[in-house]
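A closer look at the structure
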Amino acid sequence: MRRQFPILIFLLLALLPLRAHGAAEAMTHPGILRLHILANSDSETDQEVKLRVRDALRPLFASQPSYDSSRAFLLANGAVLQSTAERVLKENGASYGVQLSLGTESFPDRTYDGKLFPAGEYDALIVRLGKGAGQNWWCVLFPPLCIVTEDGAPVDLEEIEPESTIYRWIKEWIATWTADAE
């Protein structure tokens, strides 16, 4: 056993970089675009304002057929999203502003419409209200799991043309993971 111990240590050290590389890949989720709204604070008023901003912004997000078109839509309509959020803050007497940014954020495990999105790094539209120090709200813009139709129903994923390989891969991965969990 004592002679096998150095071999075991060597093998563990040799495999460690492979494990670290795989873990880093598992934490990054390309092709998914999320929405993250951070409230100014945890006060009841600021939490209510956060939900009103959410309700005002959601109808503005159009269902897009791909990640790239979703991102392009946000970039092209940033001023409209910003002014809508500012209008809601003003209507609710909030003395703070809003900052929108497109970047990468860490998210915990989250299930939307029965589909698990594992913890990790995701591209996101970040809507920071005031200090952004309060509880937050998030959803998925692409695939569109928080976008609603005019009558308030969620957009059906089957209606979206899977233009990108990553979209097809995500859909297959979710189906496989769900089947394995049962």
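Refer to the structure printed above.
The paragraphs below set out a description of the structure included in this document. (Residues numbered from 1 in each chain as written. Predicted model: local features only at pLDDT ≥ 70, side-chain atom pairs only at ≥ 80, totals over all residues. Heavy atoms only, no water.)

Now for the packing of helix α2 (residues 44-57) against helix α4 (residues 78-91). Interaxial distance between α2 and α4 falls to 9 Å at its minimum, and their mutual angle equals 140°. What the angle tells us is that α2 and α4 run oblique. The crossing of α2 and α4 is right-handed. On α4, the residues touching Val-49, Arg-52, Val-53, Ala-56 and Leu-57 of α2 are Leu-81, Thr-84, Ala-85, Arg-87, Val-88 and Leu-89. Classifying every residue of the contact of α2 with α4 by side-chain character gives eight nonpolar, one polar and two charged. (Axes fitted to C-alpha atoms, helices over the stretch in contact; angles between N-to-C directions. Helix = DSSP H or I, 4+ residues; strand = E, 2+ residues; numbered from the N terminus. Parallel < 35°, antiparallel > 145°, perpendicular 65-115°, else oblique. Left-handed = near helix turned anticlockwise from the far one by under 90°. Contact = heavy atoms within 4.5 Å. Nonpolar A, V, L, I, M, F, W, Y, C, P; charged D, E, K, R; others polar.)

Once that is clear, we can look at unusual backbone geometry. Glycine aside, the phi torsion of most residues is negative, and most peptide linkages are trans. The omega torsion of the bond from Phe-142 to Pro-143 falls at -5°, within 30 degrees of zero and hence cis. The residue Pro-143 is located in the loop between β6 (136-142) and α5 (165-181) in this model.

Time to look at the state of the cysteines. Tallying each qualifying case throughout the model produces one disulfide. Put simply, Cys-139 and Cys-146 are joined by a disulfide, and their sulfur atoms are 2.0 Å apart. Here Cys-139 and Cys-146 share a disulfide; its torsion about the S-S bond, 40°, makes the bridge right-handed. Of the two residues, Cys-139 and Cys-146, both sit in the buried class. (Disulfide = S-S within 2.5 Å. Buried < 20%, exposed > 50% of the residue type's maximum accessible area, 1.4 Å probe, protein only.)

Below, the discussion takes up the side chain of His-36. Relative to the assigned elements, His-36 resides in strand β1 (residues 28-38). By relative accessible area, which is 5% here, His-36 ends up buried. Polar side-chain contacts of His-36 include one of 2.5 Å to the side chain of Glu-105. Here Asn-136 takes part through its side chain, which lies 3.4 Å from a polar atom of the side chain of His-36. Apart from the residues lying within four places of it in its own chain, the contact partners of His-36 are Glu-105, Phe-107, Leu-125, Ile-126, Val-127, Asn-136, Trp-137 and Trp-138. (Polar contact = N/O pair within 3.5 Å; in protein donor to acceptor, adjacent residues only side chain to side chain.)

Everything listed is a geometric property; what it means functionally is a separate question.
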